[in-house]
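# Observations on the model geometry
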Amino acid sequence: TLDGAAQQIIKVRAGTMQIDKGKVYIPNLHGDILANTNLGSAHHRQQIIELIEGVEPALVVLDSLGSAHSKGENKVEEMRPIMEYLASTARDYQLGMLVVHHLNKDRKDESPEITLGRIRGSTVITANCRSIFSVERSVDKNLKLNMIKSNLAVIGEPIAAVPLMNPEKQFTGFDYMPYAPPPSKKNRKQTCADWVYKTIQDNVEKSLPLTELVILGESSGFTRQNVYSAREVLGERVMYS
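Residues numbered from 1 in each chain as written. Predicted model: local features only at pLDDT ≥ 70, side-chain atom pairs only at ≥ 80, totals over all residues. Heavy atoms only, no water.

### Topic: the overall build of the protein
Put simply, the rule is: Runs of E in the DSSP output that reach at least two residues are strands. Runs of H or I that reach at least four are helices, and both are numbered from the N terminus. Our radius of gyration is a C-alpha quantity, and the globule rule it is checked against amounts to 2.2 Å times the number of residues to the power 0.38. Summary of the burial criterion: residues with accessible area below 20% of their type's maximum are buried, those above 50% are exposed, and those between are partly exposed, where the area comes from a 1.4 Å probe applied to protein chains only. Whether two residues are in contact is decided by their heavy atoms, any of which lying within 4.5 Å being enough.
Counting secondary structure elements, the protein contains 7 helices and 6 strands. Along the protein, from the amino end to the carboxyl end, the secondary structure elements read α-α-β-α-β-α-β-β-β-β-α-α-α. The C-alpha atoms of the protein give 27 Å as radius of gyration, which overshoots the globular expectation for 241 residues (18 Å, by more than 25%). Based on the C-alpha atoms only, the size of the protein along its principal axes is roughly 85 × 45 × 30 Å. Per-residue burial for the protein yields a buried fraction of 32% across its 241 residues. In the protein, 46% of the contacts between residues at least 6 apart in sequence involve partners at least 24 apart.

Quick look at the structure:
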């Protein structure tokens, strides 16, 4: 990781997740292992390159982009050199470069779906990424991992990441599986509309007057108003008499 603000957290989590800490390297910047990385500093960038050349890692993690530089995140001219440095390092040393970044705060009139437009800062950030994944809390409280950009492969289906805990309630990793959105909760009007449609289908060979439908509905727990409101949902799918 390139963010020096969370070394102790990394150590603890690596232990509980049984990660080989001998394969995790933290940059020693200016002789200080607790120093925060500043990608706006040519000296810091060179020290990171020297570490990469020394240990030849398969993956470099930058957590997070916003805390690893002192530049203006919305300014193209300031973010482009940083993003080009990360991209060229991944290319030249044939390694994976994983950059953690954050979203703009969502607005009330905005869709909850995470798109490229929700990513904070200049568009040069997303333009220099080959693949972008969003991580969000799904309605069933698990994590949803979704690919929202890919220049290297077909965009895949979302994945659910279920946190795993040991008997001491410590986080030990994730269990990954295909993401299945939970069934939407139907309001009373929609539930009644479904019942009306099925009832009419079950009695398709005979005419079912609205008055009889209301009586059947009341015996099934629906009010007269529920049955009448169902017409708004069904529209032209059924004809009433």
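On we go from here.
### Brief notes about the packing of helix α5 (residues 188-202) against helix α7 (residues 224-234)
Packed helices, taken two at a time, are described by their axes: the angle between them and the distance between them. The criterion, for reference: For helices, the axis comes from a line fit to the C-alpha atoms of the stretch in contact; other axes are also lines fit to C-alpha atoms, and the angle between any two N-to-C directions lies between 0 and 180 degrees. These descriptions rest on fixed angle ranges, namely under 35 degrees for roughly parallel, over 145 for roughly antiparallel, 65 to 115 for roughly perpendicular, and the rest for oblique. Charged means Asp, Glu, Lys or Arg here, nonpolar means Ala, Val, Leu, Ile, Met, Phe, Trp, Tyr, Cys or Pro, and polar covers whatever is left, Gly included.
Where α5 meets α7, the axes come as close as 8 Å, and the angle between the chain directions of the two elements is 85 degrees. Overall, the two elements α5 and α7 adopt an arrangement that is roughly perpendicular. Residues R188, K189, Q190, C192, A193, V196 and Y197 of α5 touch α7, and the partners they reach there are N226, V227, S229, A230, E232, V233 and L234. In terms of residue class, the contact of α5 with α7 is made up of 8 nonpolar, 3 polar and 3 charged.

### Quick look at the pattern of salt bridges
Definition in use: Here, a salt bridge means any Lys or Arg side-chain nitrogen found within 4 Å of an Asp or Glu carboxyl oxygen.
Overall, the coordinates contain 4 salt bridges when judged by the stated rule. Between K189 and E232 there is a salt bridge; the shortest N-O distance is 3.0 Å. Here E232 lies in helix α7 and K189 lies in helix α5, a separation of 43 residues in the sequence. K198 is paired through a salt bridge with D202; the nearest N and O atoms lie 3.0 Å apart. Residue K198 and its partner D202 are both found in helix α5; the two are separated by 4 residues, about one turn of the helix. Residue classification places D202 among the exposed residues on the basis of a relative accessible area of 54%.

### Description of helix α3 (residues 76-92)
Going by this rule: Helices are assigned an expected span. That span is 1.5 Å times one less than the residue count. Each C-beta atom gives one direction from the helix axis, and the arc is the one those directions make.
Counted at 1.5 Å a residue, the expected span for α3 with its 17 residues is 24 Å, and the 23 Å between its end C-alpha atoms agrees. For α3, the set of buried residues is M79, I82, M83, Y85, L86, T89 and A90. All buried residues of α3 lie within an arc of 145 degrees about the axis, which places them on one face of the element. Facing away from the buried surface of α3 by more than 90 degrees, the exposed residues are E77 and R91. The elements touched by buried residues of α3 are α2 (42-55), β1 (59-63), β2 (96-100) and α4 (123-127).

### Some words on the environment of K144
Here K144 shows up in strand β4 (residues 143-150). Under the relative-accessibility criterion, K144 is labelled buried at 18%. As for K144 and P181, which are separated by 37 residues in sequence, their C-alpha atoms are 9.6 Å apart. Beyond its immediate chain neighbours, meaning those up to four positions away, K144 contacts S134, V135, E136, S138, P158, I159 and Y179.

### A few points about the nonpolar core
Heads up, the condition is: To form a nonpolar core, buried Ala, Val, Leu, Ile, Met, Phe, Trp, Tyr and Cys residues must be joined to one another through side-chain atoms within 4.5 Å.
Within the largest apolar cluster, 22 residues are counted, with the highest numbers of intra-cluster contacts made by L39, L65, M83 and L86. Those elements giving two or more residues to this core turn out to be α2, β1, α3 and α4. No other element matches α3, which puts 6 residues into this core. Not counting residues up to four positions away in its chain, the partners in contact with L65 are M79, I82, M83, L86, V99, V100, H101 and I125. In terms of nonpolar packing, the next biggest core, distinct from the first, is built from 12 residues, A193, V196, L213 and V214 among them.

### Some words on α2
A rise of 1.5 Å per residue sets the reference length of α2, with its 14 residues, at 20 Å; its end C-alpha atoms lie 20 Å apart and thus fit the reference within 8%. Of the positions making up α2, those classed as buried are H44, Q47, I48, I49 and I52. On its buried side, α2 packs onto β1 and α3. In the stretch just after α2, E56 is the one whose phi turns positive, near 50 degrees.

### Digging into unusual backbone geometry
D63 connects to S64 through a cis peptide bond whose omega is 5 degrees. Within the secondary structure, S64 is located in the loop between β1 and α3. Of note, Q94 is a non-glycine position whose phi angle comes to about 50 degrees, a positive value. On the secondary structure map, Q94 appears in the loop between α3 and β2.

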